[in-house]
Amino acid sequence: MATLRTSRSAITSSPSLTRRRALLAAGTGAVAVGAGLASAPGASADTKRRGKGGPPTEGRIDTHHHALPDAMRAWAIEAGLLPPEGGPDWARWTLRETLEVMEANRIAAGVASAPVPSVAFRDRAVAKDGVRVFNESLAELVADHPTRFGFFANVAMAHIDLAVEQAAYALDELGADGVIMMTSTGGRYLGDRAFDPLFAELNRRRAVVFVHPQGLPEGGTELPGESEAIADFPLDTTRAALNLIATGTLDRYPDLSIILSHAGGFLPYVAGRAISAGRQGEGPDPEAVRRALGCFYFDTALPLSPYATPTLLAAAGPTRILYGSDWPARPAREVGAITADFDRDPALDHRARRRINRDNALRLLPRLAARLRR
């Protein structure tokens, strides 16, 4: 099995290295990676069940919930995407700690995803092998713990014919709850017509699409002392959302359910500006912007509380917001802090909080809902 040839100094130099930097550093090399890695073994039993052997009856559904089971991590190490030892905190994911964080924050189930920057799957052979390992690893996690996890499947957007096949396999054979898409691939945002075959297939299936940022495609100068996660990631999500609106993708594929990470970035805050620009002929159709605000789903992983809640409620209402922790990119203590802020947010009444915590996700994700009802 050949391995990715790249400079590991860029990957291992910082323990807090971001996901994007680690994988971008590795994605520049020539890749030839083999298959056949074993899936992660199961861990502790499900808890908080209805009687003996039943599923959790209460608790949050975490739709912004990342995972890196053993097979995924082994593949990434073999490919040179992660170092064998050390590396960023998020890469040291364990099932045991994940279940502890879920219990501590009353998270009944997490919809696991792996937001791999699109450049990591630029090579077709790597895309074919890596996506398979990632999706089958997450499917096994769900199989081992069906009432604690669902998953969003990866697809290789750089190879659209392959992406269509991967989506069909994940949804039909692996039981995925939807797919995760990065905001752009090869400098093209999701509204680009090159991605229409995949959107058409997913629209036919009335699928869920989880849109996750990866940083601005043209790069840029980082602010000294500031993580790109603070401004660039929300801006990247905002640009992807506006692109989907302006290109008419939402109107062409109305049966898709699209979740925007991190409360939609800045979209709810700048929606009025987009509508105003549209009236001046300098932006998308104002009515398209208004329709989009009523069509997108938004998660709370900005984090939403306490500052952004009134704006998002005004833009989308409480029926299109989903709880999201961003675990383990956000560590255990911080998951607890943002969840506590959400629980005491004065902008939310009991009914709205119940919808956001659980009901909206169960309505959106019927496969997970069915397992929880058994």
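Now for a look at the structure at hand. Predicted model, so just to flag it, every value in this text is computed and none were measured. (Residues numbered from 1 in each chain as written. Predicted model: local features only at pLDDT ≥ 70, side-chain atom pairs only at ≥ 80, totals over all residues. Heavy atoms only, no water.)

Attention now goes to the overall build of the protein chain. Secondary structure assignment for the protein chain yields 15 helices and ten strands. Burial statistics for the protein chain: of 374 residues in total, 55% are counted as buried. With the model as given, the accessible surface of the protein chain reaches about 15,600 Å², and the carbon-plus-sulfur share is 53%. (Helix = DSSP H or I, 4+ residues; strand = E, 2+ residues; numbered from the N terminus. Buried < 20%, exposed > 50% of the residue type's maximum accessible area, 1.4 Å probe, protein only. Areas by Shrake-Rupley, 256 points an atom, 1.4 Å probe, with all protein chains shown as cover.)

Moving on, we get to the packing of helix α3 (residues 70-78) against helix α5 (residues 124-144). Working note: a packed helix pair is described by the angle between its axes plus the distance between those axes. Between α3 and α5, the least distance of the axes is 8 Å, while the angle of their chain directions is 160°. Accordingly, the angle class assigned to the pair α3 and α5 is roughly antiparallel. Seen from α3, the contacting residues are Ala71, Met72 and Trp75; seen from α5, they are Val126, Asp129, Gly130, Val133, Phe134, Ser137 and Leu138. Tallied by class, the residues present in the contact of α3 with α5 amount to seven nonpolar, two polar and one charged. (Axes fitted to C-alpha atoms, helices over the stretch in contact; angles between N-to-C directions. Parallel < 35°, antiparallel > 145°, perpendicular 65-115°, else oblique. Contact = heavy atoms within 4.5 Å. Nonpolar A, V, L, I, M, F, W, Y, C, P; charged D, E, K, R; others polar.)

Moving on: the nonpolar core. Core analysis: the largest hydrophobic core is formed by 84 residues, its most contacted members being Trp75, Phe151, Met181, Leu202, Ile258 and Phe296. Per-element tally for this core: the top contributor is α5, with nine residues. With near-sequence residues (within four places) excluded, Phe296 lies in contact with Ala241, Leu244, Ile245, Leu250, Ile258, Leu260, Leu267 and Arg320. With 16 residues, the next largest nonpolar core counts Ile180, Val208, Phe210 and Leu365 among its residues. (Core = buried A, V, L, I, M, F, W, Y, C linked by side-chain atoms within 4.5 Å.)

On to the pairing of strand β2 (residues 107-113), then. Where burial is concerned, most of β2 is hidden: seven out of the seven residues are buried. One ladder, built from five bridges, connects strand β1 (residues 60-66) with β2; its direction is parallel. In the strand pairing of β2, His66 is matched with Ser113. Where β2 lies against strand β3 (residues 149-154), three bridges are found, and the strand directions are parallel. Note on β3: the bridge partner recorded for Val111 is Gly150. (Pairing = 2+ DSSP bridges.)

A word on the sheet that holds β2. Taken in spatial order, the eight strands make up an open sheet running β1-β2-β3-β4-β7-β8-β9-β10, and their pairing is parallel. The two strands at the open ends of the sheet, each matched to only one other strand, are β1 and β10 (321-322). Where strand β8 (residues 257-260) and strand β9 (residues 297-299) come together, two bridges link them in parallel fashion. Residue pairing for β9: Leu260 is matched across the bridge by Phe298.

On to the pairing of β3, then. Judged by how many residues are buried, β3 sits mostly within the fold: six of six residues are covered. Of the pairings in the sheet, the one linking β3 to strand β4 (residues 178-182) comprises three bridges and is parallel in character. Considered in β4, the bridge of Ala153 is made with Val179. Crossover β3 to β4 through helix α6 (residues 160-172) is right-handed. (Right-handed = clockwise from strand over helix to strand, strands pointing away.)

In terms of backbone geometry, most residues other than glycine have negative phi values and most peptide bonds are trans. Residue Pro306 is reached from Ser305 by a cis peptide bond, and omega for that bond is 0°. Structurally, Pro306 is set in the loop between β9 and α12 (309-316). The amide bond that connects Trp327 to the next residue, Pro328, takes the cis arrangement and shows omega of -5°. Here Pro328 lies in the loop between β10 and α13 (332-343).

This part takes up helix α7 (residues 196-204). Taken together, the buried positions of α7 are Asp196, Leu198, Phe199, Glu201, Leu202 and Asn203. The elements touched by buried residues of α7 are α6, β4, β7 (208-212), α8 (228-246) and α9 (249-252). Downstream of α7 by one or two residues, Arg206 has phi in the positive range, about 55°.

Next up on the list: the packing of aromatic side chains. Within the structure shown, the criterion is met by seven aromatic pairs. Seen from their ring centres, Phe199 and Tyr253 are 6.1 Å apart, and the 15° between their planes marks the pair as stacked. Taken together, the positions of Phe199 in helix α7 and Tyr253 in the loop between α9 and β8 put the pair 54 residues apart, joining distant regions of the chain. Just as Phe199 is buried, Tyr253 falls in that class too. Members of the aromatic cluster, connected to one another through ring pairs, are Trp75, Phe121 and Phe134. Sitting over the ring of Tyr297, Arg320 keeps its end group 4.1 Å from the ring centre. (Phe/Tyr/Trp six-rings, centres within 6.5 Å; stacked < 30°, edge-to-face > 60°. Lys NZ or Arg CZ within 6 Å of the ring centre and 35° of its normal.)

To continue, consider the side chain of Ser118. Looking at the secondary structure, you find Ser118 in the loop between β2 and α5. Judged by relative accessible area, which is 16%, Ser118 ranks as buried. If we ignore the near neighbours within four places in the chain, the residues touching Ser118 are Met182, Ser184, Thr185, Gly186 and Gln214.

A contiguous nonpolar surface patch, about 330 Å² in accessible area, is contributed by Leu235, Phe266 and Tyr269. As for its position among the elements, Phe266 is in the loop between β8 and α10 (267-279). Judged by its relative accessible area of 33%, Phe266 is partly exposed. (Patch = residues over 30% accessible without salt bridge, like charges linked within 9 Å, V, L, I, M, F, W, Y side chains within 5 Å. Salt bridge = Lys/Arg side-chain N within 4 Å of Asp/Glu carboxyl O.)

On to the side chain of Asn135, then. Within the fold, Asn135 resides in helix α5. Classification of Asn135 by relative accessible area gives buried; the value is 2%. Look past the residues within four positions of Asn135 in its chain and what remains in contact with it is Phe151, Ala153, Asn154, Ala170 and Leu174.

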